[in-house]
Structure formats: structure tokens, C-alpha cells
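# Topology and contacts: notes
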Amino acid sequence: MSSSGRYLRINVGTGAFAFEEIPRETYRDFIGGRGLAIDYLFRNQSSGTDPLGPDNRLILATGILAGTSAPGFSRWMAITRSPLTGAYGRAVGGGKFGAYLKFCRIDFLVLEGRAERPSYVLVDEDRAQVLPADDLWGLDTQQTQQRLQALHGDRAQSAVIGPAGELGVRFATINNEWRTASRCGVGTVMGSKQIKAVCLVPKTRWLPPLQDEPRFKAMVAEHARLLKDHPRRKKMTALGTTLMTLRMDEMGLFPVKNFQEAHLTNVEAISAEKFQELKVGDYGCYGCTTRCGNVFRVKEGIYQGAESEGPEYETIFAFGGEVGNTEIGAIVAGDRLCDLLGIDTISTGVAIGFAMELFEKGILKAADVDGLDLRWGNHQALLTLIETIGRREGLGRILGEGVQRAALAIGQGAEEFAMHSKGLEFPGYEPRSAKAHGLSYATSNIGGSHMYGYARQEISGFKEPREVDRFADSGKGDIVAYNQINKAREETLILCNFADSGITPEWLAALLKAATGVDSFGDPGYLDRVGERMVTLERCFNVREGFAREQDTLPRRMLEEPLKNAGPATGEVYRSFDRLLDEYYAAMGYDHQGRPTQSKLQELGLDWAAREIKTTT
Ligand code: SF4
């Protein structure tokens, strides 16, 4: 096996720590990354655990090939019970932290308990220490990383929270370098434990031996040659994800004004070309040759001098279309502010778009919104609200609870305008314009995420496993199952979505076999089965927490309001959502309530999980 063979468990309340062995059968069944993490969380955490209580585990995991020369495989992941949704939560981060976990000879670490005072965790390959962090508390994410590097040297890499995580904003992030594990409030859980940072200081760049090193190196070299001229890779390197904005707008996929429309007037002002005019540098995660990160600096106007690594497409949606804004400088400044405060740009933008629509509809009045003029496109109000959300002040205190809770607090029918599934705010793709993609928001075990089962067939015209009409109201269940299982399989290695150009399931399996020497890992069908096991166990986690069919849904707007101003997607709506849901359940082997059946669990070797949930045959 090419793995560290162990994980690290730290009780941040007592300071006790232990390096524990990972059984071979666990590797066999879950391989690495997200798989090992859900196996640990399900087995070790009781149902009903308060997401913000000391017993909620926060797992930071790395992929099985992290730190190796294979580019795009060194990302990491935070997994926990989400304080935003109450469901299984996971968020993926970049930077160098994933590789450094492996250099510390661990596949994942688990934080348990709650520190009595602000603290940080210092880890090397022999021990973990819980140290006071009083002088770090209150610092932004960059200041915190710089301070820890000053204390522990250049070889230190830290995953940190900002002020928002300390204050309990429900969608706080965990950051390393300029990359963030953004979704589901993973930073909120870290803050609830009074942990400001996990700082890794490996003594060496240890890696497990590769079982067939010549083969592994030859495959990585061959892939590097393919990537050199790969058109998608070249575009990602030059433009990053900014390249998507105009295409999404043309397709009627770019959500505008809190998902009322899907075409933004003057969208060209925030196109990839306009962002290129601001580009002053680039950035890549550990060992990545695609280097999709862009550094932008605003050259003129009221945001002159604002600089950020990003924004990515999702942030352009969140601080552009979602709030009706085309002032590019505000998007750069807003991105930077979120990174420093440590909040998710998607949830932040959707919470602000929600508030703007409530203002438009007269549900929120000037007195309710701190005197702000919340008309669509008011970018100065946007920046003010980002700051107040991150600092839990004024209206930001309510919006920082996430749109589901904010709607309940505001009342007056506000829930009609809360764009989320299971409490997780929607990302930048209009569900009515891509029905499998939207069905995946509804059925995803983390809630409204585009990264749980991205429907490339609908958004990018992929033909695997078959071509799909994105507007069709049937024949989508198997596609969603395919995409979710595919993604889970890739996340045993935490392979980056943007660095996977030219990678086929067969190539991935062969690389994994060369690294680990495990014959079964060389079979793409076996890896699919592992992916299915992971998604199903995540579903079991949610079923155990009381989730059922009722939560696998979309807002009423998606089911009843034909989409307006959306080019080719104008008039689209979900005409038979229940049928789509039934199709998905059938494809996954779930019953009518969305629970895995007894026979499906047996087939996947998850009989042990079946004992903890109510199942049908
Ligand atoms: S493609 Fe971009 S996000 Fe992915 S690993 Fe490379 S630099 Fe990081």
C-alpha cells in the first residue's frame, strides 16, 4: 500500500493525542481521502451530536497520492457534521496542506473536544500539541498564517480560520495559503472548538514508497506530455474558472437576482477578458501544473488597488449575477474580504441576494437593513454586508446564520426566497436550466452543492455515459447517480476537478495500482463500487440524523415558477420533480423515502451500517 497506514486523533480539550493504525480492510473498502473520513465519522460519532458541541468530530483528510509527483492530487478535505445543514458536511481545500498532512505520515487527523481557551494545534510526525493562541485570536486568515510561519519556520503549513469562524458565522471556512475549504461551515466547527489553526511542521518530506515506481513515474510523465497541449488545460491556466461566466450566461445557466433570471445585462463587464486586464500573477496548489489561480489587482475606480487571488467563477456569480452587480472591482474586493474574514463566498453572496430580494418585495424595510439601500447592483452595500456578515454585526448577524435559518427568523414568507437545499446555499448554476445538475443539488448529501455530482453532460456537453438533453424532465436519475459516484471515486484521491484534463477512469485506476500495488484498485469497476459505497454511507449518516425524502428537494421557485430572462432556458421549470427523484432513488438502490435498502447495503458490504438506521428490504 502507498499510504501512511495511520491517522492522528487529538482531543483539543485535554491535549491527549494518539496515532492510530488504519486497518487494511478500511483501505480495501474506502481507499483514501473522503472514503476514510466518512467511514471514521459514521463509526465514531453518535447520531444527534450537536454540530457545534465538543463531540462533533472535525476530520482533515488528504488523498492517497498527496505529495507525489502526480499533479492535482494534493488537495485536502474537511469533513464533519455541518452546523449549517445538520447533515454530513464536506469541503475541499487546496494550497499545500494536503501534501503536508502526508509528510506528517498521516492520512487524516481528527479534532475532538473543545479547548478551554483560544488554541492552535501543532503537529509533526511524532506528536501533537495544543498551544495557546490568544495572540492569534481575532487575526485574519493571512495574518494568522504569517504569524505561524514566523513562529515555526517556512516549512510550516497551516489550515486556519478567520474572525468569522471564531464568531460562529455558520458558513465559515478553513483556509490554507489563498485556498479555502469553503462549504458547510467547516470553519465554524473549528471555531466552536476554540481552535484557530492546525499547523503542520513535518521534519522531512516523507512519502510512502510507490509499489511500482517506474510505472508510476512513466504514467505521470506521459500525462504531463498530454497536458502540455491539452486545450482545456491551456484555457484553465490562462483564464482559470473566469472563462465560464459568458458561456453560462449564454446558456441561461448564470443565476441573476437571487435565481429570478439567468441572463445579466452588461455581463461582458465581468467577463474573463475583463478579468484578464486585471491579472498581475498566478497561483497553483502543491505540485499542480495547471495552476488555475489568478491574482487580480483593480487598476481604477473606487476599488483601485484591491487585490485578490481569485475570484473564481462561483464568486463572480455570487457577487455578480446573484446580486445584479457588474462592477468588477467590487467582486475582487469582496473576494478578498471573504478570504480574510474566512467566509464562503457562495453562501455569503446568496445570503445577500436573498436580502436584496426581500428588500425588493418589501419584506425587509430600510429600518431592518441597517439603513442600507439594498437595491440590486448596489456594490457598496454588498461590500458593507460582506463585512457585517463576517463580523456578525447588524443584519449580517441574521444572514450569517444561512438563508434557511435567516428566513425562519425574518418570517413573512421569507422562505419562498431562500435558495438552498438542506440549508446549503446554491452555487452558480440555475437548476431549471440543467435538470440533472439541479436534481443533484436536491439529493446531494451535503445539500446544494455543484461539486457533489457536477453534471458535465448538461453543462459542458460531455458524452459519458451518454448524451443528455439538459431541459428534459425525465431520464436523469441514473445520470445523477453516475456523477455522484464518479466524484466520490475521484475523491478517494481528492483529485482536483480543474486538473483532471485527459484523465480517464482506466488511467486513474492504473495509476492507483502502480502506487499501491493493490490489484483490485487497478479495476475501474472496483473503484466505482468504492464510490457508491461512500455516497451510500454518507446517505446512511443523514438517514441516521433523520433526513428523508422531504429534505431531498428544491425551493418552490424551481418547481413552480417558469424561469424568466434566460435566453434558451426561458420558461424552464421542473415539471415532474417527484418522478426525477424516484428515478434517482431507483438508480441508487434507495427506497421511496430515500433510505438505502437492506439489500443495497448488503451488496456494498455495509451491513454494519444497516444496524444503525431504519431500512426496508
Ligand atoms: S487546477 Fe487549480 S485548484 Fe486545482 S490543484 Fe491546480 S491550482 Fe489547485
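Refer to the structure printed above.
Residues numbered from 1 in each chain as written. Predicted model: local features only at pLDDT ≥ 70, side-chain atom pairs only at ≥ 80, totals over all residues. Heavy atoms only, no water.

Our focus in this paragraph is the overall build of the chain. Counting its regular elements, the chain contains 25 helices and 17 strands. Its C-alpha radius of gyration of 23 Å places the chain within 12% of the 25 Å reference for a compact globule of 617 residues. Across its three principal directions, the C-alpha atoms of the chain cover 60 × 55 × 50 Å. Buried positions account for 65% of the 617 residues belonging to the chain. In the chain, once contacts between residues fewer than 6 apart in sequence are set aside, the share between residues at least 24 apart is 70%. Of the roughly 20500 Å² of accessible surface on the chain, a fraction of 49% belongs to carbon and sulfur atoms. (Helix = DSSP H or I, 4+ residues; strand = E, 2+ residues; numbered from the N terminus. Rg over C-alpha atoms; globule rule 2.2 N^0.38 Å. Buried < 20%, exposed > 50% of the residue type's maximum accessible area, 1.4 Å probe, protein only. Contact = heavy atoms within 4.5 Å. Areas by Shrake-Rupley, 256 points an atom, 1.4 Å probe, with all protein chains shown as cover.)

So, about helix 19 (residues 477–490). With 14 residues, helix 19 should cover 20 Å at 1.5 Å per step; its first-to-last C-alpha distance of 20 Å lies within 8% of that length. Where burial is concerned, most of helix 19 is hidden: twelve out of the 14 residues are buried. (Expected span 1.5 Å × (residues − 1).)

Here we take up helix 12 (residues 328–341). A rise of 1.5 Å per residue sets the reference length of helix 12, with its 14 residues, at 20 Å; its end C-alpha atoms lie 20 Å apart and thus fit the reference within 8%. The buried count for helix 12 comes to 13 of 14 residues, which makes it a mostly enclosed element. By the N-cap criterion, in which a side-chain oxygen at the helix start approaches the backbone nitrogen of a residue two or three places on, helix 12 is capped by Glu327, the distance to Gly329 being 3.0 Å. Of the residues one or two after helix 12, Gly342 is the one with positive phi, at around 80°. (Polar contact = N/O pair within 3.5 Å; in protein donor to acceptor, adjacent residues only side chain to side chain.)

Let us look at the site of the ligand. The full set of residues close to the ligand is Arg75, Arg179, Gly284, Cys285, Cys288, Thr290, Arg291, Cys292, Cys496, Phe498 and Ala499. When atoms are counted within 2 Å of each cavity's grid points, the one that captures over half of the ligand is the largest cavity. Per-class residue counts for the shell around the ligand are six nonpolar, two polar and three charged. (Near = heavy atom within 4 Å. 1 Å grid on protein atoms, 1.4 Å probe; cavity = no way out; pocket = protein on both sides within 12 Å on 5 of 7 lines; lining within 4 Å. Sits in = over half its atoms within 2 Å of the grid points. Nonpolar A, V, L, I, M, F, W, Y, C, P; charged D, E, K, R; others polar.)

What follows deals with the nonpolar core. Phe73 and Phe354 are the most contacted members of the largest nonpolar core, which totals 150 residues. Non-local contacts of Phe354, meaning those with residues more than four positions away in its chain, are made with Asn258, Glu322, Leu399, Val403, Ala406, Ala407, Ile410, Ala414, Phe417 and Ala418. Trp76, Ile106, Leu200 and Tyr286 belong to the second largest nonpolar core, which has 32 residues in total. (Core = buried A, V, L, I, M, F, W, Y, C linked by side-chain atoms within 4.5 Å.)

Look at helix 17 (residues 435–443) against helix 19: their axes get within 9 Å of each other, and the N-to-C directions meet at 65°. As for how helix 17 packs across helix 19, the hand of that crossing is right-handed. Contacts from Ala436, Leu439, Ser440 and Thr443 in helix 17 reach Gly477, Ile479, Val480 and Gln484 in helix 19. (Axes fitted to C-alpha atoms, helices over the stretch in contact; angles between N-to-C directions. Left-handed = near helix turned anticlockwise from the far one by under 90°.)

Moving on: the pairing of strand 7 (residues 119–123). For strand 7, the tally of buried residues reaches five of five residues, placing the bulk of the element in the interior. Strand direction decides the pairing type here: strand 7 and strand 8 (residues 128–132), joined by five bridges, are antiparallel. Opposite Leu122, over in strand 8, you have Gln129 as the bridge partner. The antiparallel pairing of strand 7 with strand 8 creates a hairpin that spans four residues between the two strands. (Pairing = 2+ DSSP bridges.)

Turning to the sheet that holds strand 15 (residues 307–309), a few remarks are in order. The strand order across the open sheet built from three strands is 13-14-15, with neighbouring strands paired in antiparallel fashion. Each edge of the open sheet carries a strand with a single partner, namely strand 13 (279–283) and strand 15. Neighbouring strand axes in the sheet, compared pairwise and without regard to direction, differ in orientation by 15° on average. Helix 12 rests against strand 14 (293–297) and strand 15 of the sheet, and its axis sits at about 65° to strand 15.

Applying the stated rule across the entire model yields 54 salt bridges. Of the charged contacts, one joins Arg432 and Glu430 as a salt bridge, the two residues approaching to 2.7 Å between their closest N and O atoms. Several salt bridges converge on common partners, so that one network encompasses Glu357, Glu360, Lys361, Glu416, Arg556, Arg557, Glu560 and Glu561. (Salt bridge = Lys/Arg side-chain N within 4 Å of Asp/Glu carboxyl O.)

Moving on to the packing of aromatic side chains. Applying the stated criterion to the full structure yields 21 aromatic pairs. For the pair Phe426 and Tyr441, a centre-to-centre distance of 4.9 Å together with 40° between the ring planes defines the contact as tilted. Residue Phe426 is located in the loop between strand 17 (424–425) and helix 17, and its partner Tyr441 is located in helix 17; the two are separated by 15 residues in the primary sequence. Judged by its relative accessible area of 0%, Tyr441 is buried. When the centroid spacing of 5.8 Å and the interplanar angle of 80° are considered together, the rings of Tyr574 and Phe577 count as edge-to-face. Comparing Tyr574 with Phe577, the two get one shared label, buried. Cluster of aromatic residues (ring-pair linked, three or more members): Phe254, Tyr313, Tyr429 and Tyr454. (Phe/Tyr/Trp six-rings, centres within 6.5 Å; stacked < 30°, edge-to-face > 60°.)

Glancing now at the environment of Leu439. Among the secondary structure elements, Leu439 is positioned in helix 17. Sequence separation of Leu439 and Thr553 is 114 residues, and the distance between their C-alpha atoms is 8.0 Å. Those residues in contact with Leu439 that lie beyond four places of it in its chain are Lys476, Gly477, Val480, Tyr574, Phe577, Leu580, Leu581 and Tyr584.

This paragraph deals with the packing of helix 7 (residues 213–228) against helix 20 (residues 505–516). The geometry of helix 7 relative to helix 20 is characterised by a closest axis approach of 8 Å and an angle of 145° between their N-to-C directions. In this structure, the crossing between helix 7 and helix 20 has a hand that is left-handed. Here helix 7 contributes Arg215, Phe216, Met219, Val220, Glu222 and His223 to the contact with helix 20, which in turn contributes Trp507, Ala510, Leu511, Ala514 and Ala515. Along the lines of polarity and charge, the residues of the contact of helix 7 with helix 20 split into eight nonpolar, one polar and two charged.

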